[in-house]
Amino acid sequence: MQFDPPLEEARLLRRYKRFLADIETAGGELLTIHCPNTGSMLNCMSEGCWVWFSRSNDPKRKLPGTWEVGETPHGRLACINTARANALVEEALRAGRIPELAGFTALRREVPYGVERSRVDFCLEYPGGVAFVEVKSVTLGFSDSRVAAFPDARTERGAKHLRELAALARSGVRAVQLYCVNLSGIEAVRPAEEIDPAYAAALREAVQAGVEVLAYGVDISPQGIEVMRRLDVLLG
């Protein structure tokens with residue numbers, strides 16, 4: 001995924017009200033842009049850090065740009081636009097860069113399923129059946145570790161998705177939880193039990209039920225992002 005037009009560089013002044021960020025561009029322009037991240041963005045930003053944003057010329061938009069990539073306090077790069085994760089994974093699936101899920105004949109997005117009225121990110125159709133794939137974007141890193149963690153805040157919705165996947169697996173349907181680690185310098189991912197123990201427990205129960213857990217890391221720069229390599233999953 002290449003950014004077209006190219007992203008612009010700025011300094012972060014503050015993020016507030018979850019969806020707003022004040023920045024100062026390299027040319028001294030002060031802007032308020034959209035922050036497309038519903039999480040806490042823990043360890044993902046600090047005032048004065050570099051950010052890269054896409055600018056919109058749509059006169060109907062209230063805000064002139066969208067925060068896409070940011071420098072973390074630990075010197076890593078993070079894709080903070082969580083909406084990018086599904087597009088990155090779909091691009092990788094179609095290019096065959098996720099071999100565990102290769103060979104599908106059709107790909108459907110946002111398919112309704114489960115008893116809790118969920119929508120799975122991808123339903124992949126194979127000659128021998130289907131696979132339901134739930135994607136989560138991971139951006140929580142730590143200064144003294146190359147292991148990222150998910151989630152960065154409590155997520156009942158995430159636990160619900162794991163319950164739905166576990167029910168599928170118990171019924172004999174292939175179910176996959178895929179972590180798209182949108183953070184540079186990472187070798188593995190783990191559940192953030194210190195933040196959300198209920199999610200960590202739900203993940204372990206899902207694995208016991210037969211849910212497959214995959215993690216893939218990205219190559220990330222202000223020019224573009226691409227899913228490239230499989231990472232270890234540490235369940236503890």
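All of these numbers come straight from a predicted model, not from anything done at the bench.

### Let's talk about the domain arrangement of the protein
Interface size, as often reported, equals the accessible area lost upon joining of the parts.
Now for step 1: Each assigned domain of the protein is listed here: domain 1 (8-79) and domain 2 (83-233).
Now for step 2: Domain 1 and domain 2 are separated by 25 Å when their C-alpha centres are compared.
Now for step 3: Across the boundary between the two partners, domain 1 contributes 15 residues, which contact 20 residues of domain 2.
Now for step 4: Of the roughly 1400 Å² buried between domain 1 and domain 2 on both sides combined, carbon and sulfur atoms contribute 56%.
Now for step 5: Area buried by domain 1 at its contact with domain 2 is led by Arg-76, Leu-77 and Cys-79, which between them contribute 44% of it.
Now for step 6: If you look at where domain 1 meets domain 2, you find one salt bridge.
Now for step 7: Among the ionic pairs, Glu-68 bridges to Arg-84, the shortest N-O distance being 3.0 Å.
Now for step 8: One can count nine residue pairs in polar contact (both at pLDDT 80 or more) joining domain 1 with domain 2.
Now for step 9: Elements represented by at least two residues in the side of domain 1 that touches domain 2 include exactly strand E5 (65-71) and strand E6 (77-79).
Now for step 10: Looking at the side of domain 1 that touches domain 2 element by element, the count peaks at three residues for E6.
Now for step 11: For the side of domain 1 that touches domain 2, a count of residues per class yields eight nonpolar, five polar and two charged.

### Some details on the side chain of Ser-118
Now for step 1: Topologically, Ser-118 is positioned in strand E8 (residues 118-126).
Now for step 2: At 2.9 Å, the side chain of Ser-118 and the side chain of Glu-164 are in polar contact.

### Topic: the nonpolar core
Now for step 1: One finds Ile-23, Trp-67, Tyr-179 and Val-181 to be the most contacted residues of the largest nonpolar core, which totals 44 residues.
Now for step 2: Among the elements that make up this core, the one with the highest residue count is helix H2 (residues 156-170) (six residues).
Now for step 3: Counting contributing residues, this core receives three or more from each of domain 1 (8-79) and domain 2 (83-233).
Now for step 4: Formed by 31 residues, the second largest nonpolar core is a distinct cluster that contains Leu-107, Val-135, Leu-178 and Ile-220.

### Regarding helix H3 (residues 197-209)
Now for step 1: The first and last C-alpha atoms of H3 sit 18 Å apart over 13 residues, in line with the 18 Å expected at 1.5 Å per residue.
Now for step 2: Within H3, the full set of buried residues consists of Tyr-199, Ala-200, Ala-202, Leu-203, Ala-206 and Ala-209.
Now for step 3: Where the residues of H3 are buried, they touch strand E11 (145-150), H2, strand E12 (174-181), strand E13 (188-191) and strand E14 (212-220).

Conventions and cut-offs
- Residues numbered from 1 in each chain as written.
- Predicted model: local features only at pLDDT ≥ 70, side-chain atom pairs only at ≥ 80, totals over all residues.
- Heavy atoms only, no water.
- Domains from an automatic or database assignment.
- Contact = heavy atoms within 4.5 Å.
- Buried area = accessible area lost by both parts, 1.4 Å probe.
- Salt bridge = Lys/Arg side-chain N within 4 Å of Asp/Glu carboxyl O.
- Polar contact = N/O pair within 3.5 Å; in protein donor to acceptor, adjacent residues only side chain to side chain.
- Helix = DSSP H or I, 4+ residues; strand = E, 2+ residues; numbered from the N terminus.
- Nonpolar A, V, L, I, M, F, W, Y, C, P; charged D, E, K, R; others polar.
- Core = buried A, V, L, I, M, F, W, Y, C linked by side-chain atoms within 4.5 Å.
- Buried < 20%, exposed > 50% of the residue type's maximum accessible area, 1.4 Å probe, protein only.
- Expected span 1.5 Å × (residues − 1).

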